[in-house]
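So you can see what is in the structure, the chains are spelled out below.
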Amino acid sequence: MGIFFNKIDSKKANKYQTRLYSCFTILIIVNVINSWFLDWLWLYMTTSSVLVILVIFLLKIPKRDLDEEWKQLEIEKDEAFENRVNLMMVNGRSDVQAIK
């Protein structure tokens, strides 16, 4: 499972998150059917407990993915553009040229 590993690539993380959402949806449907027709206490307690665990996992995923994305983010510098902006500022111009 992806929760026990620190580094996960984005494809596996998305697959893992999709599975969690699928389980979440199925458990809600089972819980609703149980409350409408069966009214079994043991099934209600089991599905509710698993739903709480899934919610915790789902709330934990975005923070982990966001931290990994920030670590992998690299900023590329465009020296030609920076030189144009500096030249524009030195000349006292405030309009910006469109770059294609």
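Residues numbered from 1 in each chain as written. Predicted model: local features only at pLDDT ≥ 70, side-chain atom pairs only at ≥ 80, totals over all residues. Heavy atoms only, no water.

## A short note on the overall build of the protein chain
Argument step 1. For the protein chain, the helix and strand inventory stands at three helices and zero strands.
Argument step 2. Mapped in sequence order, the helices and strands of the protein chain form the string α-α-α.
Argument step 3. Here the protein chain holds 100 residues, and the buried ones make up 19% of them.
Argument step 4. Considering only residue pairs separated by 6 or more positions, the protein chain has 55% of its internal contacts joining residues 24 or more positions apart.
Argument step 5. With the model as given, the accessible surface of the protein chain reaches about 9,000 Å², and the carbon-plus-sulfur share is 63%. (Helix = DSSP H or I, 4+ residues; strand = E, 2+ residues; numbered from the N terminus. Buried < 20%, exposed > 50% of the residue type's maximum accessible area, 1.4 Å probe, protein only. Contact = heavy atoms within 4.5 Å. Areas by Shrake-Rupley, 256 points an atom, 1.4 Å probe, with all protein chains shown as cover.)

## Let's talk about the packing of aromatic side chains
Argument step 1. Following the criterion strictly, the structure yields two aromatic pairs and no others.
Argument step 2. Ring plane angle 90 degrees and centroid distance 6.3 Å describe the contact between Trp36 and Phe37, whose orientation is recorded as edge-to-face. Each of the two residues, Trp36 as well as Phe37, counts as exposed.
Argument step 3. Centre to centre, the rings of Trp40 and Trp42 are 5.8 Å apart; their planes meet at 15 degrees, and the pair counts as stacked.
Argument step 4. On the basis of relative accessibility, which here comes to 41%, the residue Trp40 falls in the partly exposed class. (Phe/Tyr/Trp six-rings, centres within 6.5 Å; stacked < 30°, edge-to-face > 60°.)

## Concerning the environment of Leu54
Argument step 1. With respect to the helices and strands, Leu54 occurs in helix α2 (residues 41–72).
Argument step 2. On a C-alpha basis, the gap between Leu54 and Cys23 in space is 8.1 Å, while along the polypeptide they are 31 residues apart.
Argument step 3. Leaving out residues up to four positions away in the same chain, Leu54 has contacts with Leu20, Cys23, Phe24 and Leu27.

## Observations regarding unusual backbone geometry
Argument step 1. Located in the positive-phi region is Asp39, a residue other than glycine, with phi close to 60 degrees.
Argument step 2. Within the fold, Asp39 resides in the loop between α1 (10–38) and α2.

## Some points on the nonpolar core
Argument step 1. Counting residues in hydrophobic clusters, the biggest one holds seven residues: Tyr16, Leu20, Leu27, Leu51, Leu54, Leu58 and Ile61.
Argument step 2. Here this core gets four residues from one element, more than from any other, and that element is α2.
Argument step 3. When sequence neighbours within four positions are dropped, the list of residues in contact with Leu58 reads Gln17, Leu20, Tyr21 and Phe24. (Core = buried A, V, L, I, M, F, W, Y, C linked by side-chain atoms within 4.5 Å.)

By themselves, these figures tell us nothing about what the structure is for.
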